[in-house]
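Letter by letter, the chains look like this.
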Amino acid sequence: MPAEERRASILIATRALLVEHGAAVTTKQIAEAAGVAEGTIFRVFPDKDTLLQAVLDGLMDTAPVERARKEIDATLPLEDRLTEAVAVMQSRLRDIWQVTSALGVSARPPKSGSRPFKGLVAIFASVPDAISCTPKFAAQALRALTLAMTHPSIAPGRPLKAGDIVSLFLDGVRARPEGRPC
């Protein structure tokens, strides 16, 4: 197995096992799940702490979210594009919370700092007449609402679905004849 595939396999296995075992996961368990010898882990990572930090760094990487956003069909209506983008963000948020909760650490922003996802800004920029604020502000507001309505301690037992978050964001909470989104 090429070095990058080994590294990826180890990180994927570790991430899954962290949710189940927390920091008590052993390198033996990781090696078995990754399909590598235990010694291989230490040829890729100098120690277990470095491996755990690499998992956390991977969770904070926004590149996979941006790649997923680029795959959203640009011909879809705004609401559908935003719903797909919110679903991607929610998946990432859940992954971060599961692993950081299992490890007992707080999620920290990526080293590059917390900035709006360029792809989300681009979605709003593609429909300037449909929004009443700048695309950057719209992206920041939708990210904030997604975070709040997905976080297990803010919306315990009832995180909103992606479509409901988008509906709430675009239409607000004012009563409408067609019913309530939340």
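Structure shown above.
Notes on the structure follow. Fair warning: this is a prediction, and the values are worked out from it, not measured in the lab.

Glancing now at the layout of surface pockets. Size it by volume and the second largest pocket reaches roughly 310 Å³. R15, G58, L59, D61 and P64 are the residues nearest the centre of the second largest pocket, which is lined by 15 residues in total. If you list the elements that add at least two residues to the lining of the second largest pocket, you get α1 (3–21), α4 (48–60), α5 (63–70) and α6 (78–103). In terms of residue count, the dominant contributor to the lining of the second largest pocket is α4 (5 residues). For the lining of the second largest pocket, the per-class residue count stands at 9 nonpolar, 1 polar and 5 charged.

Below, the discussion takes up the side chain of Q90. By the secondary structure assignment, Q90 is in helix α6. Side-chain polar atoms of Q90 contact the backbone nitrogen of A162, separated by 3.4 Å. Leaving out residues up to four positions away in the same chain, Q90 has contacts with T146, T150, L160, K161, A162 and I165.

This part covers a negative patch on the surface. A cluster of acidic residues, D73, E79, D80, E84 and D171, forms a negative patch at the surface. With 3 residues, the top contributor of residues to the negative patch is α6. Residue classification places E84 among the partly exposed residues on the basis of a relative accessible area of 36%.

As for its position among the elements, V55 is in helix α4. Sequence separation between V55 and I10 is 45 residues, and the spatial gap between their C-alpha atoms is 9.5 Å. With near-sequence residues (within four places) excluded, V55 lies in contact with L11, T14, R15, L18 and V99.

What counts, and where the lines are drawn
- Residues numbered from 1 in each chain as written.
- Predicted model: local features only at pLDDT ≥ 70, side-chain atom pairs only at ≥ 80, totals over all residues.
- Heavy atoms only, no water.
- 1 Å grid on protein atoms, 1.4 Å probe; cavity = no way out; pocket = protein on both sides within 12 Å on 5 of 7 lines; lining within 4 Å.
- Points joined across faces, edges and corners; volume = space filled by probe spheres on them.
- Helix = DSSP H or I, 4+ residues; strand = E, 2+ residues; numbered from the N terminus.
- Nonpolar A, V, L, I, M, F, W, Y, C, P; charged D, E, K, R; others polar.
- Polar contact = N/O pair within 3.5 Å; in protein donor to acceptor, adjacent residues only side chain to side chain.
- Contact = heavy atoms within 4.5 Å.
- Patch = residues over 30% accessible without salt bridge, like charges linked within 9 Å, V, L, I, M, F, W, Y side chains within 5 Å.
- Areas by Shrake-Rupley, 256 points an atom, 1.4 Å probe, with all protein chains shown as cover.
- Salt bridge = Lys/Arg side-chain N within 4 Å of Asp/Glu carboxyl O.
- Lys, Arg positive; Asp, Glu negative; His and termini not counted.
- Charge placed at Lys NZ, Arg CZ, Asp CG, Glu CD.
- Buried < 20%, exposed > 50% of the residue type's maximum accessible area, 1.4 Å probe, protein only.

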